[in-house]
Amino acid sequence: MPVVSDRVRDLNARMTLEEKLAQLVGYWLDQNGTVAPMQSEMAAGQKDSGQLPEITRHGLGHYTRVYGTRPVDPVERAAWLWAEQRRLQRETRLGIPALVHEECLTGLAAWQAATYPTPLAWGASFDPELVQEAARAIGDSMRELGIHQGLAPVLDVVGDPRWGRVDECIGEDPYLVGTIGTAYVRGLQEAGVHATLKHFVGYSASAAGRNHAPVSAGPRELLDVYLPPFEMAVRDGGARSVMNSYVDVDGVPLAASAEYLTDLLRERWGFDGVVVADYFAVAFLEVMHRVAADRGEAAALALEAGIDVELPTGDAYLEPLAERLRAGLTDERLVDRAVLRVLAQKEELGLLEPDAFADEPPAEVDLDSPRQRELARRLAQESVVLLANDGVLPLAPAGTPGAPRRVAVVGPNADRPEALMGCYSFANHVLAHHPGVPLGFEIRGVREALAAALEGGADAPEVVHAEGCAVEGDDTSGFAAAVEAAAGADVAVVVVGDQAGLFGRGTVGEGNDAESLELPGAQRQLVEALVATGTPVVLVLLTGRPYAIGWALDGEGPRPAAVLQAFFPGEGGGDAIADVLTGAVNPSGRLPVSLPRSAGTQPYRYLHPVLGGPSDVTSTDPTPVRPFGFGLGYTEFAYGDLAVDASVDSAGSFEAAVTVTNVGAVAGTETVQLYGHDVVATVTRPVAQLLGYARVDLAPGESRRVTFRVPTTRLAFADRRLARVVEPGEVHVWVASHAEAAPRSAEVAGTNGAIRMARARTERAVAGTATERRALAVTGGVHEVTAADPRVVEVKVTAP
């Protein structure tokens, strides 16, 4: 049984079976539209919300998406929620309020709330501190509205860009995902809102990038790639909730896997929070996975595995589970285990206090405050990635030589605010089912934002617009107007990409998986028609996944003069793109995923062994068009004086340092990336592995010394016994601007440094104090790190 307070244990002891089960389920107050898989089929039998006193007579564990299922006035809804919580305190026997959860992947998913960049943009920023600050602001809004738990962040590591949910992910590198995701957890929980890690685990490894498909990843790949971000968020971030993934791994559904949900998560990692089911995942054990004969058996499997709360409703954990318990088919101690965890969470959140709702609900709220808007725009600015530039960018200011007199802004995403927002934004997730309802917050598309940025007196350029084509479909009837606009302009900005949505509504998002990685519809044809005019074309991609755009970057013949990649940059995205186009902001975003050559080379990530790269024994080249970590700016940086301390200190760490200099004419930010390669190991290792990174702001001519202090456990991997170990041997370490830049380049004098792990007797890790575990890491030789794996790299930026 979990360690809990006397109050919680006493409360559980006084509960009837019905009261216990009521704490283990959610109730979806009003479902409107489809925002979850198979929602219409799974929720067909839910009781009407007009019967709330009857529905909640034994209490309630969760209220499901009180604000986030349809557009409701937040102040009016808060007043209803406070009254409902007080009714639960007053009218139920034990007086326990419900925990309220909401989606918060791109900001609070509620009407009128600020919409932030999608997580793939968080990854492109390489800025965990800013992500943490944004998460704190999101959490503040949630807490103000009486929300206790957020269903974010997504820690799935991208492997196949065909998967529709790529825009919900942070990137393809486990360390980047782990550090950025952990920062989000910290920020949200600083505001008093519990973060929920999802989807545990392996969801993004589904076959052919298809949603809800089986996963065939081996245990070593799970240990080395998919699990580390979750472990970091649990150990380093203190995450209070975890959500299972829908998939099965090697035939075992995660919702029924005690090996992962209990043995690994709780017993080995020490997680003591609450595990919640992804929506309908418990029932899916019967209807999708077919490992349960009915809902009661599905409930028993999930409960035994370690799922404490069934969301979004009580489809399996109420009457079907009660029947099994009464028949003696399931041990009630499993129910008690889950109830104690749920009550402990409510106690931690203050919900068991008599005065939990003694204060009044907010009389007014600003969910899109100046602080939120500033953070959203700044994060968007840092996430824009410049992929190519022949000198056309930044656009010359009005009144200066070369300044454009006429700018054409064309393309299907040039004038659509919805194109700036991800799948889990309220606009695309919910408002799509409510045509005519305003967004409820300020947002400018690229055309409007660029026109505003270019204003400035008589010399301001004229801005003309044409759509050209839609995001989807093969209608090219608008090409002529777009070509005419571009031909008559000094520069043409063409904005193409995706429309986020769910389950067939849109081109990317949950359930919108892709067979091809070509731009949807006729968009490539539009770009090529505009380039053919001879007018310099700036291609701006607003997408939720990386597309195969080699033709625009490296193809033969005329190409766009510049290419910008923006991963759904949110409400400040239009302004951020305008800032980059005009040079008000020097682009500093870096690719959190590799840009694919084609769909046929997927799945791919830069973390591949030698056999995973190109060779002369296959006609298929997986080399990405642009690699992980790539990004240009309006200045140049030089690296020098790389020094790698070959010794491992008493804390089990080594240091690598490099001097970075801005050798250009304008201020800029360089994302310095430290990579390593285990030269010879007992299992194959990646040719490059990100060990650390740092954003460094530099004025023209300025230098900074960047020092990375790296724990050797960053180089840990699963050996042939599937134990996470650090092996003795030579490791090459280098600093570069992206994953493919070194050690083959001369960016750093000497190209790379080498450290050598000391050889010594094998040590076995055992559970113990933190001090004991740290001591193990410095004994040298092969040592297991499953009991403690301090992965975070310390970074220090000083004068050279």
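To be clear, the structure that these remarks concern was listed above.
In short, a report on the structure. All values derive from a computational prediction rather than experimental measurement. (Residues numbered from 1 in each chain as written. Predicted model: local features only at pLDDT ≥ 70, side-chain atom pairs only at ≥ 80, totals over all residues. Heavy atoms only, no water.)

A few points about the overall build of the chain
For the chain, the helix and strand inventory stands at 23 helices and 26 strands. Here the C-alpha atoms of the chain give a radius of gyration of 27 Å, agreeing with the 28 Å that 2.2 N^0.38 yields for 800 residues. Overall, the chain is about 80 × 70 × 50 Å in size when its C-alpha atoms are taken along their principal axes. Within the chain, buried positions represent 62% of all 800 residues. Counted over contacts in the chain with a minimum sequence separation of 6, partners at least 24 positions apart contribute 79%. When the accessible surface of the chain is split by element, carbon and sulfur atoms take 49% of a total near 27,600 Å². The distance from the centre of the 68 positive side-chain charges to the centre of the 106 negative ones in the chain is 5 Å. (Helix = DSSP H or I, 4+ residues; strand = E, 2+ residues; numbered from the N terminus. Rg over C-alpha atoms; globule rule 2.2 N^0.38 Å. Buried < 20%, exposed > 50% of the residue type's maximum accessible area, 1.4 Å probe, protein only. Contact = heavy atoms within 4.5 Å. Areas by Shrake-Rupley, 256 points an atom, 1.4 Å probe, with all protein chains shown as cover. Lys, Arg positive; Asp, Glu negative; His and termini not counted. Charge placed at Lys NZ, Arg CZ, Asp CG, Glu CD.)

As for the packing of helix α13 (residues 295-305) against helix α14 (residues 319-326)
At a minimum axis separation of 8 Å, α13 and α14 run at an interaxial angle of 80°. Considering their axes alone, α13 and α14 lie roughly perpendicular with respect to each other. Where α13 abuts α14, its residues Arg295, Gly296, Glu297, Ala299, Ala300 and Leu303 lie against Pro320, Leu321 and Arg324. Looking at the contact of α13 with α14 residue by residue, the class counts come to five nonpolar, one polar and three charged. (Axes fitted to C-alpha atoms, helices over the stretch in contact; angles between N-to-C directions. Parallel < 35°, antiparallel > 145°, perpendicular 65-115°, else oblique. Nonpolar A, V, L, I, M, F, W, Y, C, P; charged D, E, K, R; others polar.)

Some points on the nonpolar core
The biggest cluster of nonpolar side chains holds 253 residues, and the ones touching the most others in it are Tyr63, Phe200, Tyr317, Leu393 and Ile549. In contact with Ile549, other than residues within four places in its own chain, are Leu387, Leu541, Val563, Leu595 and Pro596. (Core = buried A, V, L, I, M, F, W, Y, C linked by side-chain atoms within 4.5 Å.)

What about the side chain of Arg341?
Turning to its location among the elements, Arg341 is positioned in helix α15 (residues 332-348). Those residues in contact with Arg341 that sit more than four places away from it in its chain are Pro2, Arg266, Gly273, Val274, Gly306 and Asp308.

What to know about the state of the cysteines
The full count for this structure, using the stated rule, is zero disulfides. In this model Cys169 remains outside any disulfide bridge; the closest cysteine sulfur is found in Cys423, 11 Å from its own. (Disulfide = S-S within 2.5 Å.)

Concerning the environment of Val177
Topologically, Val177 is positioned in helix α8 (residues 174-190). The spacing of Val177 and Ala667 is 490 residues in sequence and 28 Å in space, taken between C-alpha atoms. Other than its neighbours up to four places away in sequence, Val177 contacts Leu155, Val157, Ile170, Gly171, Thr182 and Pro229.

As for the pattern of salt bridges
Where charged atoms from two side chains of opposite charge approach closely, those side chains can pair. Under the definition given, this model contains 50 salt bridges. Salt-bridge contacts for Arg685 lead to Asp224; the nearest nitrogen and oxygen are separated by 3.9 Å. Remark: Asp224 occurs in helix α9 (residues 219-226) and Arg685 occurs in the loop between β18 (668-678) and β19 (689-698); sequence separation between them is 461 residues. We classify Arg685 as buried; its relative accessible area is 13%. Residue class for Asp224 comes out buried when judged on its relative accessible area of 16%. Measuring nitrogen to oxygen at the nearest pair gives 2.6 Å for the salt bridge that ties Glu286 to Arg295. Looking at Arg295, the relative accessible area reads 22%, which means it is partly exposed. (Salt bridge = Lys/Arg side-chain N within 4 Å of Asp/Glu carboxyl O.)

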